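Per-entry structural report
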Amino acid sequence: MGSRMFRCALLAMAAVLSPFRVGAASAQVSLHQGFEVANLTEFQSFWAHFRQAVMNDDIAAIEALTVFPLKTKGQLDDDPVKAIGKRAFAPLLRSHLKEDPNMRGFSGNTLDFLRANPVFPRIDVDGSGDQNVGNLVFRRQTNGWKLSMIYRADD
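Given the structure is predicted, the values throughout are model-derived calculations rather than measurements.

1. Topic: the overall build of the protein
- Summing up its helical and strand segments, the protein has four helices and five strands in all.
- Its helices and strands in sequence order give the protein the pattern α-α-β-β-α-α-β-β-β, from N to C terminus.
- Considering the protein as a whole, with its 155 residues, one finds that 34% of them fall into the buried category.
- Looking at the protein alone, contacts between residues at least 24 apart form 54% of all its contacts between residues at least 6 apart.
- Surface accessibility of the protein: about 9,700 Å² in total, with carbon and sulfur atoms responsible for 59%.

2. Structural notes on the nonpolar core
- F43, W47, F50, I62, F138 and L147 are the most contacted members of the largest nonpolar core, which has 26 residues in total.
- Elements with a contribution of two residues or more to this core: helix 1 (2-55), helix 2 (59-64), helix 3 (86-96), helix 4 (110-116), strand 4 (136-141) and strand 5 (144-152).
- Tallying contributions element by element places helix 1 first for this core, with six residues.
- What L147 contacts, discounting residues up to four positions off in sequence, is F46, F50, L65, T66, V67, L70, F89, L136, V137 and F138.

3. Some words on the side chain of S148
- Examined against the element boundaries, S148 turns out to sit in strand 5.
- Each residue touching S148, except ones within four places of it in the same chain, is listed here: V67, L70, K71, V137, F138 and R139.

4. With respect to the sheet that holds strand 3 (residues 130-133)
- Spatial ordering of the open sheet is given by 2-1-5-4-3, a layout of five strands whose pairing is mixed. A strand with exactly one partner marks an edge of an open sheet, and here the two such strands are strand 2 (81-84) and strand 3. Neighbour-to-neighbour, the strand axes of this sheet turn through a mean angle of 30 degrees, independent of strand direction.
- In this structure, strand 1 (residues 66-74) lies alongside strand 2, joined through four bridges in antiparallel fashion.

Definitions and limits used
- All residue numbers here refer to positions counted from 1 along the written sequence of the relevant chain.
- Whole-chain, interface and lining totals are the exception, using all residues; otherwise, since this is a predicted model, local features are given only for residues with pLDDT of at least 70 and side-chain atom pairs are given and counted only at 80 or more.
- Side-chain metrics rest on all non-hydrogen atoms present in the structure, leaving aside hydrogens and water.
- Strands here mean DSSP runs of E at least two residues long; helices mean DSSP runs of H or I at least four residues long; both are numbered from the N terminus.
- Burial classes follow relative accessibility: with a 1.4 Å probe on protein chains only, a residue under 20% of its type's maximum area counts as buried, one over 50% as exposed, and anything between as partly exposed.
- Only heavy atoms matter for contacts: two residues are in contact if any of them lie within 4.5 Å across the pair.
- Here the accessible surface of atoms and residues is derived via Shrake-Rupley with a 1.4 Å probe, and residues count as covered only by protein chains that are part of the display.
- Residue types Ala, Val, Leu, Ile, Met, Phe, Trp, Tyr and Cys, when buried and joined through side-chain atoms within 4.5 Å, form a set referred to as a nonpolar core.
- In short, DSSP must find at least two bridges between two strands for them to pair.
- For helices, the fitted axis covers only the stretch in contact; all axes are lines through C-alpha atoms, and the angles between them, taken along N-to-C directions, range from 0 to 180 degrees.

Below, the structure written as structure tokens:
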């Protein structure tokens, strides 16, 4: 009999508290969606500049949209992270643009992917603040989005 009363008390408490939990979840979703919309707009602007700089092979403009030292890493979990300075950046980028972009359903290289996507349709910022576009990783800095890492097939 005591366990039945205890279960009833738990159910009553859950019924009373459930609107608060749902309200908190809704507020959390709203904040998350607002964050995504704001970042999507900002990322779209960055993407257009980054893409155009790559299309024009404007290394100086791409460097301005990149964090240095740029991190590179192989695609395996235990591959070491390497730091690349501006002097090694242009050859590394040109080589990377010829690689598979690691975008499901896309056949072609990373440069082909950039050509085919003048607008990037979504933002999937993870908990670290990163936006992954295939093997390219972008991070929102205090002064806007920047290329922060490249996953390399041959690292």
